[in-house]
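Structural overview
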Amino acid sequence: MTPAPTPETAEVGAPPPPPSKKPAPTLDSKGPQRYKTLGTWLLFILLLVACFIRIDANILDLFSQGARDNMSRILGEMLRPDWSYASHIWKPMIETVQIAIVGTVIGSVLAVPVALLSATNVIPKKIVTIPVRMVLNLVRTVPDLLFAAIFVAVFGIGAFAGMLALVFFSFGLVAKLTYEAIEAIDPGPLEAMTAVGANKIQLIVFGVIPQALPYFFSYVLYTFEVNVRAAAVLGFVGAGGIGLHLDQQLNSLRYDRASTIILLTLVIVLLIDYASTYLRRKLL
Amino acid sequence: MNQTLPSKTRGPIIRNWLIGAALIVLFIWALSGLHFEGIQEYGAQVMGSIWEGFTHPDWGYVYMPEGEDLLRNLLETLVISILGTFISAFLCIPFAFWASANMSRIRAVSASGKFVLTVIRVFPEIIMAILFIVAVGPGAFAGVLALGVHSIGMLAKLYSETIEAVDEGPREALLACGASKMQVLRFAILPQVIPQFLSYALYRFEINIRSATVLGLVGAGGIGTPLIFALQTRDWSRVGIILLGIVILVIIIDLISGWLRRRII
């Protein structure tokens, strides 16, 4: 009953997990193959049952009287947003976007040298690339809200902690995407430059950067989209932005105001998503 | 040739400089808008004690016989993400068919489906977790429901893209020999999309295990709850061991899931 159960799903070869009751025999299904399929199914169902027992969840809880009352009350209040409150939240909303911008820019700038260091066609030494990539993987295992919670504990409540969290998060994401793009560039120009005696710096400036730059900008924009969404909830752990106000309104059970905040955040996020998608399409 | 080159490229160069200047102005505006007065002046001291805690993790917390230890909380986190992924992999199938352009003749149907999915996707899971906590009380179940509903947005989008990319041949062949709609679905569409569906569900599982670690910050079960307590009490050695546990759990899950995905496709 430790993390062990997951490998059992390893046998999930072809059959789908939930939809059909039983894998129907196809023309080429042979005996042993079928037993394997059935075994996979049993293991998968056992795993799910074990999970449900472990968290002690009762699906019926969701449909109990209390839950239904709560749900309908919340939804009822949320469907009538308090628009007069909208004028109060423009400032934190702008702050949210600002946190996202600063976090994305600083994180992406820091990511450039690291991406170059971990691309094997720029630095062909495994001694350099493998440790750098390991650090990158470590950074990417920590979710942005965890970073935020830690930085709030270190630097106190406020936008600075949120910005730092996004710096780390964007750094991991942009560096990984960019080094993969760098490794996929056309090796022709690099070989030509090496042949005429270019040094490493010249190679990077005139060979790598012109090819990788559009991808880099595209990833920065993508990271910015992710960061705007992240910045909207950073406030829940005290790291500034609109989340702080949302948390307050939810705690004081003002669901009408919370709904205003959520709707406005959705609008901002969608607008930024569309603008960013448009720009990315023009870039590539 | 040297003379013609600049005049050709001057336009884009000026444009690039303008874009660069605009970006710098944007950055300065954003930076000036943030108020950093909240920074604690004893940050260096805190950093020292954090380093102390991280280099001396609280190993005693890993396993405690009476309960509420690291392993049990990590297991709960894992269980939350397994169940959340399972529920969304189930629930998103109708959404995926709704949003795929080749499954309906009317364009508005799939367009509306895509819009609904976008809205679900941008609705943060933390907020969903808080709403479900109000409904079913704090604990792992609220986390499962939050992940299950939130993941629909991304999974159904990926699923619908897979459905849109299916080979039309088998479908037309079955229609030509008089198969019903359900038979077409069962024998022409599903066999083509299911490996990809499983692969995407596993990918989402990798994302969900990361989300499940933060759900506890708002009280929706998992490792986040002891972490936020340890952070609030400045118990850095415990924070250190919890972070170590999260990192190891995420790396193990990534490895297993990556291996499974390579086997499926």
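Residues numbered from 1 in each chain as written. Chains lettered and ligands numbered in written order. Predicted model: local features only at pLDDT ≥ 70, side-chain atom pairs only at ≥ 80, totals over all residues. Heavy atoms only, no water.

**Thoughts on the overall build of chain B**
Helix and strand counts for chain B stand at ten helices and zero strands. Listed N to C, the secondary structure of chain B is α-α-α-α-α-α-α-α-α-α in terms of helices and strands. Taking 18 Å as the expected radius of gyration for a compact globule of 265 residues, we find that chain B reaches 25 Å, considerably beyond that expectation. Counting only C-alpha atoms, chain B reaches 75 × 70 × 35 Å along its principal axes. (Helix = DSSP H or I, 4+ residues; strand = E, 2+ residues; numbered from the N terminus. Rg over C-alpha atoms; globule rule 2.2 N^0.38 Å.)

**What to know about the pattern of salt bridges**
Across all of its chains, the model carries 15 salt bridges over all chains by this definition. Between R280 of chain A and E225 of chain A there is a salt bridge, with its nearest N and O atoms 3.0 Å apart. Of this pair, R280 of chain A sits in helix 11 (residues 255-283) while E225 of chain A sits in helix 9 (residues 200-234), placing them 55 residues apart in sequence. What makes R280 of chain A partly exposed here is its relative accessible area of 22%. R204 of chain B is paired through a salt bridge with E125 of chain B; the nearest N and O atoms lie 3.9 Å apart. (Salt bridge = Lys/Arg side-chain N within 4 Å of Asp/Glu carboxyl O. Buried < 20%, exposed > 50% of the residue type's maximum accessible area, 1.4 Å probe, protein only.)

**Section: the confidence of the model for chain A**
Residues and elements named next belong to chain A. Put simply, chain A has an average pLDDT of 83, and 88% of its residues get 70 or more. Of all helices and strands in chain A, the one with the weakest mean pLDDT is helix 2 (residues 59-62) (70), whereas helix 4 (residues 90-118) scores best (93). Long-range and interchain partners of residues 1-23, a stretch whose pLDDT sits below 50, account for 43 contacts in this model, where long-range means more than four residues apart. (pLDDT = per-residue confidence, 0-100. Contact = heavy atoms within 4.5 Å.)

**What about unusual backbone geometry?**
Not every positive phi belongs to a glycine, and L253 of chain A is a case in point at roughly 60°. Taking the relative accessible area as the measure of exposure, L253 of chain A reaches 47% and is therefore partly exposed. With phi around 55°, R234 of chain B is a residue other than glycine that occupies positive phi space.

**Considering the packing of aromatic side chains**
As enumerated under the stated definition, the model contains ten aromatic pairs over all chains in all. Seen from their ring centres, F151 of chain A and F168 of chain A are 5.3 Å apart, and the 45° between their planes marks the pair as tilted. Taken together, the residues F151 of chain A in helix 6 (residues 144-155) and F168 of chain A in helix 7 (residues 159-183) connect sequence positions 17 residues apart. With a relative accessible area of 12%, F151 of chain A lands in the buried category. The exposure class of F168 of chain A is partly exposed, given its relative accessible area of 34%. An aromatic cluster of three or more residues is present, and its members are F147, F151, F155, F160 and F168 of chain A. Against the face of F187 of chain B rests R186 of chain B, its NZ or CZ located 4.9 Å from the ring centre. (Phe/Tyr/Trp six-rings, centres within 6.5 Å; stacked < 30°, edge-to-face > 60°. Lys NZ or Arg CZ within 6 Å of the ring centre and 35° of its normal.)

**Some remarks on the interface of chain B and chain A**
At the junction of the two partners, chain B supplies 65 residues and chain A supplies 70 residues. In terms of surface lost to chain A, no three residues of chain B exceed L34, V122 and F141 of chain B, which account for 10% of the buried area on that side. In this structure, the connection of chain B to chain A is made through zero salt bridges. Linking chain B with chain A are three residue pairs in polar contact (both at pLDDT 80 or more), by the criterion used here. Considering each element in turn, the side of chain B that touches chain A owes the most residues, eleven residues, to helix 10 (residues 236-264) of chain B. A breakdown of the residues in the side of chain B that touches chain A according to their chemical character gives 53 nonpolar, six polar and six charged. (Buried area = accessible area lost by both parts, 1.4 Å probe. Polar contact = N/O pair within 3.5 Å; in protein donor to acceptor, adjacent residues only side chain to side chain. Nonpolar A, V, L, I, M, F, W, Y, C, P; charged D, E, K, R; others polar.)

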